[in-house]
Amino acid sequence: MYDLIIIGAGPAGLSAAIYASRARLNAIVIEQNYVNGGQIIDTYEIDNYPGLPGLSGMDLAMKMAEHAEKLGVETVNGFVQSLDLTGPVKKVITDEDTYEAKAVIIASGATHSKLGAEGENQYGGMGVSYCATCDGAFYRGKDVLVVGGGDVAVEDAIFLARGCNKVYVCHRRDELRAAKILQENLLSLPNVEMVWNSNLKSITGGMKVEKATVVNKFDKSERTIPVSGVFIAVGITPRSEFARNHVAMDEKGYIIADETGATNVPGVFAAGDVRTKQLRQVVTAVADGANAVTSAEKYLLTFSILRAFQLLSALNPSRICMPAEQPMRDAPASIMALQVFQSRMPPAALTSTSSPTTCFMRATSSTVAPPVPKPVDVLMKSGFARSDILARCSISDFSR
Ligand SMILES: Cc1cc2nc3c(=O)[nH]c(=O)nc-3n(C[C@H](O)[C@H](O)[C@H](O)COP(=O)(O)OP(=O)(O)OC[C@H]3O[C@@H](n4cnc5c(N)ncnc54)[C@H](O)[C@@H]3O)c2cc1C
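To start, this report covers the structure provided alongside it. (Residues numbered from 1 in each chain as written. Predicted model: local features only at pLDDT ≥ 70, side-chain atom pairs only at ≥ 80, totals over all residues.)

**Quick word on the sheet that holds strand 12 (residues 198–205)**
Our working definition: For two strands to be treated as a pair, DSSP must find at least two bridges joining them. Numbering of helices and strands starts at the N terminus; helices are DSSP runs of H or I of at least 4 residues and strands are runs of E of at least 2. Between the N-to-C directions of two axes lies an angle of 0 to 180 degrees, each axis being a line fitted to C-alpha atoms and, for a helix, fitted only over the stretch in contact.
One open sheet accounts for three strands, arranged 12-13-14; its pairing is antiparallel. The outermost strands of the open sheet, each flanked by one partner alone, are strand 12 and strand 14 (222–226). When strand polarity is set aside, the average angle formed by the axes of neighbouring strands in this sheet is 25°.

And the structure:
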């Protein structure tokens with residue numbers, strides 16, 4: 001069994017792998033592609049990753065993958081099909097194997113929806129983009145076309161209008177779907193022209209994009225617009241299908257998790273484009289990977305405590321104190337409960353469904369939450385090997 005399984009070897013997964021290796025966790029990365037790096041593999045140029053301007057996406061991906069490899073991170077090829085997260089041991093089921101771990105980081109990313117227009121694939125990275133934040137700067141002073149009518153398309157168009165000479169927005173309906181405030185902002189811009197009720201038919205040019213042809217869906221008339229760039233913003237789909245019904249997601253399928261990466265399932269974390277967040281970029285994905293490992297480390301500390309609970313309960317069933325639910329944020333409470341359990345807990349005060357905090361409060365007949373001790377001090381008395389404890393503790397465990 002592994003300490004940690006990381007699903008996906010994009011920027012978030014590779015960053016998690018690097019941090020996990022440096023934390024001396026026994027981790028494995030599962031990636032469906034034969035080449036690691038995720039979406040950036042197909043990115044012509046990444047110009048906004050601090051310290052590495054103008055690097056091709058493939059070069060950045062290779063640097064990240066080499067870094068992880070150098071640290072000895074184990075990677076296997078496999079397509080994750082399903083999860084079993086019901087017990088403390090998490091199972092990740094791929095098309096070939098089942099892997100087990102104490103904690104899981106889901107870093108399976110997202111895909112930008114394509115339109116299927118003629119020339120779309122041919123000019124990918126040569127004028128066709130799915131990310132205005134990423135590529136907008138390359139079109140300063142030029143004319144571009146944005147396709148889409150939702151929040152992302154309108155935000156992209158507003159962003160592009162700041163630097164581009166002219167922004168055409170092609171939408172298949174006669175009104176936008178985006179939030180009203182965004183619509184108002186967009187429509188007030190002097191260098192934006194709406195192309196209503198139209199679909200993008202084709203993208204043409206030489207080495208790079210030169211023109212986009214749109215078709216009016218009512219009278220089928222065609223209009224060819226000279227542009228240097230076409231930004232397609234018709235949706236992003238999170239790659240979370242295998243986790244559906246296992247972790248909480250929003251209506252679009254993004255896994256609900258904040259900066260810590262913690263999901264609604266203890267021991268399961270989400271990092272990168274697949275989680276709910278404001279900005280989906282390489283820089284935020286790698287930050288997520290690092291944060292998720294830090295959270296996983298804290299959870300693993302709790303996992304050890306839970307294991308101690310199990311062992312102690314088995315040894316002395318009259319004093320059963322098995323926390324039913326154990327979010328990792330409750331780690332200090334678990335430690336306290338363990339301490340109480342080991343020392344002076346009256347058996348009648350404990351129930352099989354109590355949380356550690358409840359156990360503690362019952363045991364001390366107190367309704368006030370107890371003071372939080374230094375986790376490391378409590379652990380030192382718990383019988384774990386000193387080296388194991390120090391290897392697991394993070395800096396915050398040395399303070400109250
Ligand atoms: C064309 C394009 C240009 C971009 N340009 C920039 C840019 O200039 N700057 C910038 O900062 N960002 C850019 N981005 C965005 C950036 O690439 C993403 O934000 C970033 O890659 C997200 O990293 P991630 O690790 O979360 O996900 P991903 O990069 O999507 O990686 C996820 C990985 O998980 C794997 N995976 C998915 N499902 C499974 C499964 N079931 N089993 C096993 N493996 C699975 C995938 O194969 C993939 O390797 C661009 C994106 C695109 C599409």
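**Topic: unusual backbone geometry**
The phi angle at Asn-197 is positive, at roughly 50°, despite the residue not being glycine. Position of Asn-197 among the secondary structure elements: in the loop between strand 11 (192–195) and strand 12.

**Quick notes on the pairing of strand 4 (residues 80–84)**
Bridging between strand 4 and strand 5 (residues 90–94) involves four bridges; their strand directions are antiparallel. Its bridge partner being in strand 5, Leu-83 is matched across the sheet by Val-92.

**Things to note about the sheet that holds strand 8 (residues 128–129)**
Strand order in this open sheet of five strands is 8-15-9-10-11, and the pairing throughout is parallel. Two strands bound the open sheet, and with one partner strand each, they are strand 8 and strand 11. In the sheet, strand 8 pairs with strand 15 (residues 229–232) via two bridges, with the strands oriented parallel. Paired with Ser-129 across the strands is Phe-231, a residue of strand 15.

**Considering the packing of helix 4 (residues 151–161) against helix 5 (residues 180–187)**
The line we're drawing: Crossing handedness is read from the near helix: turned anticlockwise from the far helix by less than a right angle, it gives a left-handed crossing, and turned clockwise, a right-handed one. Two residues form a contact once the distance between their C-beta atoms, set from the backbone, is within 7 Å. For this classification, the nonpolar set comprises Ala, Val, Leu, Ile, Met, Phe, Trp, Tyr, Cys and Pro, the charged set comprises Asp, Glu, Lys and Arg, and every other residue, Gly included, is treated as polar.
For the pair helix 4 and helix 5, the least separation of the axes is 10 Å and the interaxial angle reads 30°. Of the two possible hands of crossing, helix 4 and helix 5 adopt the one that is left-handed. Facing helix 4, whose interface residues are Asp-151, Val-154, Glu-155, Ala-157 and Ile-158, helix 5 presents Leu-182, Gln-183, Asn-185 and Leu-186. Of the residues belonging to the contact of helix 4 with helix 5, the class tally is five nonpolar, two polar and two charged.

**Considerations on the packing of helix 1 (residues 11–22) against helix 2 (residues 57–70)**
For clarity, the threshold we go by: In what follows, roughly perpendicular refers to angles from 65 to 115 degrees, roughly parallel to angles under 35, roughly antiparallel to angles over 145, and oblique to any angle outside these ranges.
Contact pair helix 1 / helix 2: the axes reach a minimum separation of 9 Å and the direction vectors enclose 25°. With respect to each other, helix 1 and helix 2 are oriented roughly parallel. Regarding helix 1 and helix 2, the two cross each other, and that crossing is left-handed. Across from Pro-11, Leu-14, Ala-17 and Ile-18 in helix 1, the residues of helix 2 making contact are Met-64, Ala-65, His-67 and Ala-68. Across the contact of helix 1 with helix 2, the residue classes break down as seven nonpolar, one polar and no charged.

Remember that the coordinates give geometry; whether it matters functionally is a separate question.
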